[in-house]
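Structural features, examined
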Amino acid sequence: MGNTAYKDHAALSAGFNRDEGRVDWHDQTLWFVRQKRDRLSQGIPDWEDLREAASAIKSHTLSNIDTYLETFEKNALANGIHIHWAPDAVSHNQTVLEILQRHNISQLVKSKSMLTEECHLNDFLEQRGLEVTDTDLGERIVQLAKEPPSHIVLPCIHKKKEEIGELFHVHLGTPAGLADPQQLTEAARQDLRKRFLTRRAALTGVNFAIAETGEFVVCTNEGNADMGAHLADVHIASMGFEKVIPGRKELGIFLRLLARSATGQPITTYSSHFARPRDGQELHLILVDNGRSRQLGRDDFRASLKCIRCGACMNTCPVYRRSGGHSYHTAVAGPIGSILAPNLDMAQFKDLPFASTLCGSCSNVCPVKINIHEQLYKWRQVLVRHGHTDTKKTAAMKAMAYTLSRPALLNFAGKSLRFALRYAPLAINNPLNPWYRQRDMPAAPAETFAAWYHKNRKGANR
Amino acid sequence: MTRREIFLDNVRKNKPKSLPLPAQFEPDRNLFADPVESFVRMAETVGTKVLRVNNETAVRDYVETELPVKGRVISPMEVLAGLAEPVPPGLPHMLQDCEYAILRGRIGVAENAAIWLTDQDMGQRVLPFITQHLCLVLAEDEVVALMPDAYAQIADDAYGFGTFIAGPSKTADIEQSLVIGAHGARSLTILLMNRNASRGADQLMFAGHNNHMSQ
């Protein structure tokens, strides 16, 4: 984003689509993850009931969210956790900075947190002279490449191992041409271990916060959140307020859904429950709103706050798989990101609800049963009402509505089109008509449906 | 107004009409004929090595004879006194050269092969992550079928830190190729005992009030 000229989803997708081989690889790899999710979810006989229960728990929690947040705060404070409230991204970033400055800390390790991507925390801290090391392997790779993550669970899924090898050669001193995932991972392990052992502050995300106990849960496969948090003097955890759930009983439901939906694993390697700081450590938790309360007030889009960030909707989305995560130009890409982003900035993300076929696959795999495709459709209507649509498209739609509501005109237009398709196809299928870029028209039919109907109607009545 | 007041005020203004918490979800428990067998099978699919042993004496025998003895071996388990170094107190960074950690787990979950342990079982929270190799000891009768069963046992236990560990540390961030040994332990071995000796806090051994093992 930043200073570069605005490019919408279609323009950014066109860039990604220039390398057809990579698009095919991206498409198939994500589909493979989707298939793993299917196998794992089908192994749970009451999977559908589990989704329903999770969805209902989230509905209940969101409708009493103020009470749950206060309960969580009370119990977390009693556990010795410092609680901070950040109404927006700026106050979140300032809170992190203040905590670090109070301890004279200028370097921190960070595990995956899409919220800090949303708040642009790294830029904020780096502009003030602090150093941030992302420690999730995929996030470290995109950080070295100076790119944002392209997927919330698989941050560098858009990269090939040869490109990663080149980055590591430049930044970590691995041999030129090394592209073996095992060896590259080992190089990152060695480099990041040094950082875990020397950085005094660690920032983690939060997967779930438990109101009744005042603890929070962080799930990783790599163990990077734990390596950071258990070695640091200061642990800062950042969470959107929608991560609160009532109790440990409910946690038992969500942990069954999360990894199966995300990567097709029965559970992540580590599901760590942080209740109290360890002796001598300071533990801070920052609760963030940043537009979530506004979304909570929108009847049609409230359910988007149920999201547990598994990424299943991305892996299944026929558009995401072929356009890549960066085409969404927002921290959370894909179908769920396309219903979250317009809430943050309608003008900037007006294109995203249109980056969908509305096929509904996202809603079908969502572990908390968010009606994602219906919300995409509803966002389109909101965007049109607010005047955020392309004028050419609006004019075309109006012309079409005018024509379709006038039989004589429709008849004339149909005749003209069939004539043109038959005798002067270039008048329609030419480089000036964007419709034809990835499409073709069928051959013009010999007769219209209306003509066919008139001819056969008598026969049908007999 | 403070940030807290602004925050809660915005949330209150926007929250919808209260919806009830659904009746407690009763999971389908017919997933496994034998939770212990399923636990073992699932552990193997997530990259864990499972060894069946008789009891804690057999655990000691295993550590004595099978374990690679190069490097530091650390365990808070009393039964391993003299074989493994007790967990040193102080800076967690001192554990950075730990080669092998052996910890007593509390609950095993058949549906995902995760083992629950708390900071009381670790001595130092970072130990199960910073060690190159991890060994978890569990008894068969500590295996439950599903995550809700595990939380029914955890109930309102007070701990500072607790974690479910399912397999060795792993990543597939580079082209979805599975690599074992990301930042945490490079391997996980479960010693599954078919007999459970009663366990209590007095069985755990920490440095300071027990004899140190020389390196």
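The coordinates are above.
Residues numbered from 1 in each chain as written. Chains lettered and ligands numbered in written order. Predicted model: local features only at pLDDT ≥ 70, side-chain atom pairs only at ≥ 80, totals over all residues. Heavy atoms only, no water.

1. Considering the overall build of chain B
- The helix and strand inventory of chain B stands at six helices and eleven strands.
- Taken along the three principal axes of its C-alpha coordinates, chain B extends 65 × 50 × 45 Å.
- In chain B, which comprises 215 residues, the proportion classed as buried is 55%.
- Considering only intrachain contacts with a sequence separation of at least 6, the fraction spanning at least 24 residues in chain B is 74%.
- A distance of 8 Å separates the average location of the 20 positive side-chain charges in chain B from that of its 27 negative side-chain charges. (Helix = DSSP H or I, 4+ residues; strand = E, 2+ residues; numbered from the N terminus. Buried < 20%, exposed > 50% of the residue type's maximum accessible area, 1.4 Å probe, protein only. Contact = heavy atoms within 4.5 Å. Lys, Arg positive; Asp, Glu negative; His and termini not counted. Charge placed at Lys NZ, Arg CZ, Asp CG, Glu CD.)

2. With respect to the overall build of chain A
- In terms of helices and strands, chain A carries 21 helices and ten strands.
- Overall, chain A is about 90 × 55 × 45 Å in size when its C-alpha atoms are taken along their principal axes.
- Counting every position in chain A, which comprises 462 residues, the buried fraction comes to 59%.
- Of all intrachain contacts in chain A linking residues separated by at least 6 positions in sequence, the fraction that spans at least 24 positions is 74%.
- Accessible area for chain A stands at about 19700 Å²; split by element, carbon and sulfur atoms hold 54% of it.
- The distance from the centre of the 58 positive side-chain charges to the centre of the 48 negative ones in chain A is 9 Å. (Areas by Shrake-Rupley, 256 points an atom, 1.4 Å probe, with all protein chains shown as cover.)

3. Quick notes on helix α1 (residues 9–16) of chain A
Residue and element names in this part refer to chain A.
- For α1, the full list of buried residues reads H9, S13 and F16. The buried residues of α1 all sit within an arc of 55° when viewed along its axis, so they share a single face.
- Tucked inside the fold, the buried residues of α1 contact α2 (20–42) and α15 (320–323). (Arc of directions from axis to C-beta.)

4. Digging into the environment of H84 of chain A
Residues and elements named next belong to chain A.
- Within the secondary structure, H84 sits in strand β1 (residues 82–86).
- Considering only alpha carbons, one finds H84 and P434, 350 residues apart in sequence, at a separation of 50 Å.
- Beyond its immediate sequence surroundings of up to four residues, H84 is in contact with T95, I99, H284, L285, I286 and L287.

5. Here we look at the pattern of salt bridges
Residue and element names in this part refer to chain A.
- Summed over the entire model, instances satisfying the criterion amount to 42 salt bridges over all chains.
- Salt-bridge contacts for D136 lead to K112; the nearest nitrogen and oxygen are separated by 3.9 Å. Within this pair, whereas D136 is found in the loop between β3 (131–134) and α8 (137–144), its partner K112 is found in the loop between β2 (107–110) and α6 (114–118), the two being separated by 24 residues in sequence.
- The exposure class of K112 is partly exposed, given its relative accessible area of 25%.
- Between R292 and E242 there is a salt bridge, with its nearest N and O atoms 2.9 Å apart. Taken together, the positions of R292 in helix α13 (residues 292–296) and E242 in the loop between β7 (234–240) and β8 (244–245) put the pair 50 residues apart, joining distant regions of the chain. For the pair R292 and E242, one class covers both residues: buried. (Salt bridge = Lys/Arg side-chain N within 4 Å of Asp/Glu carboxyl O.)

6. Overview of the interface of chain A and chain B
- Between chain A and chain B, the residue contacts involve 98 residues of the former and 71 residues of the latter.
- Interface of chain A and chain B: buried area, both sides summed, is about 7000 Å²; carbon and sulfur atoms make up 59% of it.
- The three residues of chain A that bury the most area against chain B are W85, R189 and R248 of chain A, which together make up 10% of that side's buried surface.
- At the boundary of chain A with chain B, the tally comes to ten salt bridges.
- Between E111 of chain B and R260 of chain A there is a salt bridge, with its nearest N and O atoms 2.8 Å apart.
- Inspection of the region where chain A meets chain B yields 43 residue pairs in polar contact (both at pLDDT 80 or more).
- The element contributing the most residues to the side of chain A that touches chain B is helix α10 (residues 181–198) of chain A, with eleven residues.
- A per-class count over the side of chain A that touches chain B returns 43 nonpolar, 28 polar and 27 charged. (Buried area = accessible area lost by both parts, 1.4 Å probe. Polar contact = N/O pair within 3.5 Å; in protein donor to acceptor, adjacent residues only side chain to side chain. Nonpolar A, V, L, I, M, F, W, Y, C, P; charged D, E, K, R; others polar.)

7. Focus on the packing of helix α9 (residues 161–172) of chain A against α10 of chain A
Residue and element names in this part refer to chain A.
- Packing of α9 against α10 leaves a shortest axis separation of 11 Å and a crossing angle of 35°. Between α9 and α10 lies a crossing of left-handed hand. Note on element contacts: α10 touches α9 through P181, L184, A187, A188 and D191, opposite K161, I164, G165, F168 and L172.
- In terms of residue class, the contact of α9 with α10 is made up of seven nonpolar, one polar and two charged. (Axes fitted to C-alpha atoms, helices over the stretch in contact; angles between N-to-C directions. Left-handed = near helix turned anticlockwise from the far one by under 90°.)

8. Structural notes on helix α4 (residues 65–78) of chain A
- Relative to the 20 Å expected for 14 residues at 1.5 Å per residue, α4 of chain A spans 20 Å between its end C-alpha atoms, a close match to the ideal helical length.
- A positive phi of about 90° marks G80 of chain A, the residue just after α4 of chain A. (Expected span 1.5 Å × (residues − 1).)

9. Regarding the sheet that holds strand β5 (residues 114–118) of chain B
- As summarised here, the arrangement of the eight strands in space is β8(A)-β5(A)-β6(A)-β9(A)-β8(B)-β5(B)-β4(B)-β7(B), forming an open sheet in which the pairing is mixed. For this open sheet the edge positions go to β8 of chain A together with β7 (143–144) of chain B, each flanked by a neighbour on one side alone.
- Pairing of strand β5 (residues 208–210) of chain A with β8 of chain A involves two bridges; the strand directions are parallel. By the bridge assignment, A209 of chain A is partnered in β8 of chain A with V244 of chain A.
- Strand contacts of helix α6 (residues 147–154) of chain B: β9 (270–274) of chain A together with β4 (107–109), β5, β7 and β8 (161–165) of chain B, with the helix running at about 165° to β4 of chain B, the strand carrying the most contacts. (Pairing = 2+ DSSP bridges.)

10. Brief notes about the nonpolar core
- Counting residues in hydrophobic clusters, the biggest one holds 85 residues, and the most contacted among them are L69, F168, F216 and L285 of chain A together with F39 and L192 of chain B.
- Top element by residues in this core is α10 of chain A. It accounts for six residues.
- Grouped together as the second largest cluster of nonpolar side chains are 73 residues, A54, Y328, C362 and C366 of chain A included. (Core = buried A, V, L, I, M, F, W, Y, C linked by side-chain atoms within 4.5 Å.)

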